[in-house]
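Results of the structural survey
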Amino acid sequence: MSTTRPYSPGDRGPEPSGASGASEGGPQEAGASGGGTAAVASASSGGPQVRRLSFEDASGVVPLARDFARQALYAWGWLPAATADQRAAAEDVLLVVSELVTNACLHADGPDGLVLGCDKKVIRVEVSDRGTGQPAPRTPHRAGRPGGHGMFIVQRLCLDWGVVRAPGLAGKTVWAELGAPA
């Protein structure tokens, strides 16, 4: 279910400080090799946990983003997966991260940052870039046609997704939310 709502149902809006850069007061996380800068912010009282990765001066951003997401999934208990459903849910998160970062590389001169947020029921993936384009699944979708499947995959795997633009600023943040495994 694609959408252009700035946030999904359930009153989860975009991150107040945007999707790029490090979080305030969060410790720097090791493992952001390749030039990216990672930060971790843990919410108290059982709130959402947030991890941020800046792609400034980074190379190999798609594998960097996947590795960063995989580390977050381990920290949040999604990995190692005990069941096939849990493993599939974790793989879906990694695929969505790959697709959104790849789209930023192909259509927006590369991503600026990646934000991953996790509460007990949902993982939110946000990829920010400076591009002006509007992501959309290719219509009509043709399974045999090469390329153009990224947003179709995101649409099929996610509970919801959308685009947030900050008034007066260049670029956008593409977000997607995936449900936790049962």
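All of the points below concern the structure found in this document. (Residues numbered from 1 in each chain as written. Predicted model: local features only at pLDDT ≥ 70, side-chain atom pairs only at ≥ 80, totals over all residues. Heavy atoms only, no water.)

Here the focus is the overall build of the chain. Across its full length, the chain carries three helices and six strands. Start at the N end of the chain and walk to the C end: the helices and strands fall as β-β-α-α-β-β-α-β-β. By the burial criterion, 43% of the 182 residues in the chain qualify as buried. Across the chain, every contact between residues at least 6 apart in sequence was considered, and the portion connecting residues at least 24 apart equals 60%. Entry remark: accessible area of the chain is about 9300 Å², with carbon and sulfur atoms responsible for 53%. (Helix = DSSP H or I, 4+ residues; strand = E, 2+ residues; numbered from the N terminus. Buried < 20%, exposed > 50% of the residue type's maximum accessible area, 1.4 Å probe, protein only. Contact = heavy atoms within 4.5 Å. Areas by Shrake-Rupley, 256 points an atom, 1.4 Å probe, with all protein chains shown as cover.)

Formed by 37 residues in total, the largest nonpolar core has its most connected members in Val 97, Leu 100, Leu 114, Leu 116 and Val 125. Of the residues forming this core, the biggest block, nine residues, is contributed by helix 2 (residues 84-107). The residues touching Leu 100, leaving out its near neighbours within four places in the chain, are Val 125, Val 127, Met 151, Val 154, Val 174 and Ala 176. (Core = buried A, V, L, I, M, F, W, Y, C linked by side-chain atoms within 4.5 Å.)

What follows deals with the pattern of salt bridges. Inspection of the entire model under this criterion finds five salt bridges. Asp 112 is the partner of Arg 130 in a salt bridge, and the nearest nitrogen-oxygen pair spans 3.6 Å. Taken together, the residues Arg 130 in the loop between strand 4 (122-129) and helix 3 (150-157) and Asp 112 in strand 3 (residues 111-118) connect sequence positions 18 residues apart. Overall, the relative accessible area of 61% leaves Arg 130 in the exposed class. If you follow the salt bridges from partner to partner, you end up with Arg 124, Glu 126 and Glu 177 in one network. (Salt bridge = Lys/Arg side-chain N within 4 Å of Asp/Glu carboxyl O.)

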